[in-house]
Amino acid sequence: MTEPWGRVDEQGTVWVRVGDGERPVGSYPGASPEDALAYFARKYEGLVVEVDLVERRIATTDVAVKDAQSTIDRLRNHVSSASAVGDLQGLLARLDAVEATMQARRVELGAERARSRESARQAKEGLVTEAESLADSTDWKATGDRLRDLLEAWKAAPRLERKVDDELWKRFSAARSTFDKHRRTHFASLDAERAKAQARKEELVSEATELAESTDWATTAARFRELMTQWKAAGRASRATDDALWERFRGAQDRFFTSRNADLAERDTGQKENLELKTALVVEAEGLLQVRSVGAARESLRSIHDRWAAIGHVPREVRPRLEGRLAAVEEAVAQSEKDEWRRTNPEARARAEAAVEQLRSGITDLDTKAMKARAAGDSRRAGEHEAAAAARREWLIEAERALAEFSR
């Protein structure tokens, strides 16, 4: 019996046509030729189902190329030697088509993997380039954070070929190491500076503590201002240490200025009272200008001075004006003393009396000469004597006025 894809010979052997030839696939003893061909045709249908499944799987899923190729090879071997009757060549052709599809996919996947590797290489190259650009940065916080982000990005990136990946990693690691070295050096130097600042500020705190109980207000206040300037110039220690030292320094400073301010407030109250007392003394001193007795004025002024010295300080802003008023009284009394001495000086009075007497005598003598000259008819000489007498009379007025001062 003959079918399009096989036949049964007289001995009951079933043959399948393959290309231009045929090969035996088996026999079905005790069955009719139709049943025998139907049996082996069903086996072919089973192969068709397997090929259909492979085609759908490859068309609709992302099956691995390696797994798909293994399945195709297995089916090809199975179809090539299958004990089945049907279009086995057609099935092999379909498997070839599926394999061609897989090869195309293999090429596409290879190209995609190449693109991915190149993209990954560029991404890692970018990470390395950025890390190298940050190696000499002194923005320690921001750069340290960024380098940690870059490291996480490196870990998340796919691996490249070992040689390429190792070379890029060496550059990336070297950049991080350079930054870390610079940062450690910086902070080591900073620690040294902070230690130096701490030592200096501890010295300033020690001195400030000693000065806190001083009552030499002006000198100590000036020294505290100098200590504050030195504090600012000393630099910063670690934050916790610096804050603690500052609290001690400020505490000593506050103790001193609180004591000083309390003392000054008390002193201000006393100085206001002193001002009232000294103002009264100035008024009393100014009243001495009406006293005619210079001795009494001088004695009263001496008493005022004694009381003035015993009173104490007055507010600085009124001191010059108040002392100026008292000095003016002192000058007036001193001038009165000078005038008094001049009036009571015996030698000076004798000189004044002698001058008056000499002028009077000279005037009498000149008047006599003038009269004699006129009597003799010598008008010229008479005029000269009269003029000389007139001049001496003017001098006599001044001399008598001077002499009168000794009689006041």
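Relevant structure appears above.
Residues numbered from 1 in each chain as written. Predicted model: local features only at pLDDT ≥ 70, side-chain atom pairs only at ≥ 80, totals over all residues. Heavy atoms only, no water.

A. Structural context of the sheet that holds strand 1 (residues 6-8). A sheet is described by the order of its strands in space; here three strands give the open sequence 1-2-3, paired in antiparallel fashion. At either end of the open sheet lies a strand with only one pairing partner, and these are strand 1 and strand 3 (21-27). Sheet twist, expressed as the mean angle between neighbouring strand axes with direction ignored, is 25°. The pairing of strand 2 (residues 13-18) with strand 3 spans six bridges and is classified as antiparallel. Residue pairing for strand 3: threonine 13 is matched across the bridge by serine 27. (Pairing = 2+ DSSP bridges. Helix = DSSP H or I, 4+ residues; strand = E, 2+ residues; numbered from the N terminus. Axes fitted to C-alpha atoms, helices over the stretch in contact; angles between N-to-C directions.)

B. Structural view of the environment of alanine 123. Along the chain, the position of alanine 123 falls in helix 3 (residues 88-134). Judged by its relative accessible area of 42%, alanine 123 is partly exposed. Taking the C-alpha atoms as reference, alanine 123 lies 7.9 Å from alanine 157; in sequence the two are 34 residues apart. (Buried < 20%, exposed > 50% of the residue type's maximum accessible area, 1.4 Å probe, protein only.)

C. Region of interest: helix 4 (residues 140-156). Between the first and last C-alpha of helix 4 there are 24 Å, a value that for 17 residues agrees with the 24 Å anticipated at 1.5 Å per step. Those residues of helix 4 that are buried lie in contact with helix 3 and helix 5 (162-211). (Expected span 1.5 Å × (residues − 1). Contact = heavy atoms within 4.5 Å.)

D. Representation of the pattern of salt bridges. Applying the stated criterion across every chain, the model contains 32 salt bridges. Residue arginine 94 is joined to glutamate 55 by a salt bridge in which the shortest nitrogen-to-oxygen separation is 2.6 Å. Here the residue arginine 94 occupies a position in helix 3, and glutamate 55 occupies one in helix 1 (residues 33-60), the gap between them amounting to 39 residues. Through salt bridges with shared partners, one network takes in Glu118, Arg121, Glu125, Glu132 and Arg171. (Salt bridge = Lys/Arg side-chain N within 4 Å of Asp/Glu carboxyl O.)

E. Local environment of the nonpolar core. Counting residues in hydrophobic clusters, the biggest one holds 28 residues, and the most contacted among them are Val14, Ile58 and Leu91. If you list the elements that add at least two residues to this core, you get strand 2, helix 1, helix 2 (65-80) and helix 3. Broken down by element, the residue count for this core peaks at nine residues, all from helix 1. The contact partners of valine 14, leaving out residues within four places of it in the chain, are Arg7, Val8, Arg23, Pro24, Val25, Gly26, Ser27, Ala36, Leu37, Phe40 and Val85. (Core = buried A, V, L, I, M, F, W, Y, C linked by side-chain atoms within 4.5 Å.)

F. Geometry of the side chain of glutamine 69. Its location among the elements puts glutamine 69 in helix 2. Classification of glutamine 69 as buried rests on a relative accessible area of 12%. Setting aside its immediate chain neighbours within four residues, glutamine 69 contacts Glu99, Gln103 and Arg106.

G. Representation of the packing of helix 1 against helix 2. As a packed pair, helix 1 and helix 2 sit with axes 11 Å apart at the nearest point and diverge in direction by 160°. As far as their axial angle goes, helix 2 and helix 1 are roughly antiparallel. Regarding helix 1 and helix 2, the two cross each other, and that crossing is left-handed. Taken together, the residues of helix 2 that come into contact with helix 1 (itself represented by Leu47, Glu50, Val51, Val54, Arg57 and Ile58) are Ala68, Thr71, Ile72, Arg74, Leu75, His78 and Val79. Counted by class, the contact of helix 1 with helix 2 contains eight nonpolar, two polar and three charged residues. (Parallel < 35°, antiparallel > 145°, perpendicular 65-115°, else oblique. Left-handed = near helix turned anticlockwise from the far one by under 90°. Nonpolar A, V, L, I, M, F, W, Y, C, P; charged D, E, K, R; others polar.)

H. Fine view of the packing of aromatic side chains. For the structure shown, the criterion picks out 14 aromatic pairs. Ring centres of tryptophan 154 and tryptophan 169 lie 5.4 Å apart, and the angle between their planes is 50°; this geometry places the pair in the tilted category. Separated by 15 residues along the polypeptide, tryptophan 154 in helix 4 and tryptophan 169 in helix 5 bring together distant segments of the chain. A relative accessible area of 8% places tryptophan 154 in the buried class. Assessed through its relative accessible area of 32%, tryptophan 169 is described here as partly exposed. An angle of 55° between the planes, with centres 5.6 Å apart, marks the rings of tryptophan 231 and tryptophan 246 as tilted. With tryptophan 231 in helix 6 (residues 217-233) and tryptophan 246 in helix 7 (residues 239-287), the pair connects residues that are 15 residues apart, well separated along the chain. Note on tryptophan 231: relative accessible area 7%, which makes it buried. Relative accessible area serves as the criterion here: at 26%, tryptophan 246 is assigned to the partly exposed category. Three or more aromatic residues link up through ring pairs in this structure, and these residues are Trp217, Phe224, Phe256 and Phe257. For the cation-ring pair, lysine 124 lies above tryptophan 154, with the distance from its terminal atom to the ring centre recorded as 4.3 Å. (Phe/Tyr/Trp six-rings, centres within 6.5 Å; stacked < 30°, edge-to-face > 60°. Lys NZ or Arg CZ within 6 Å of the ring centre and 35° of its normal.)

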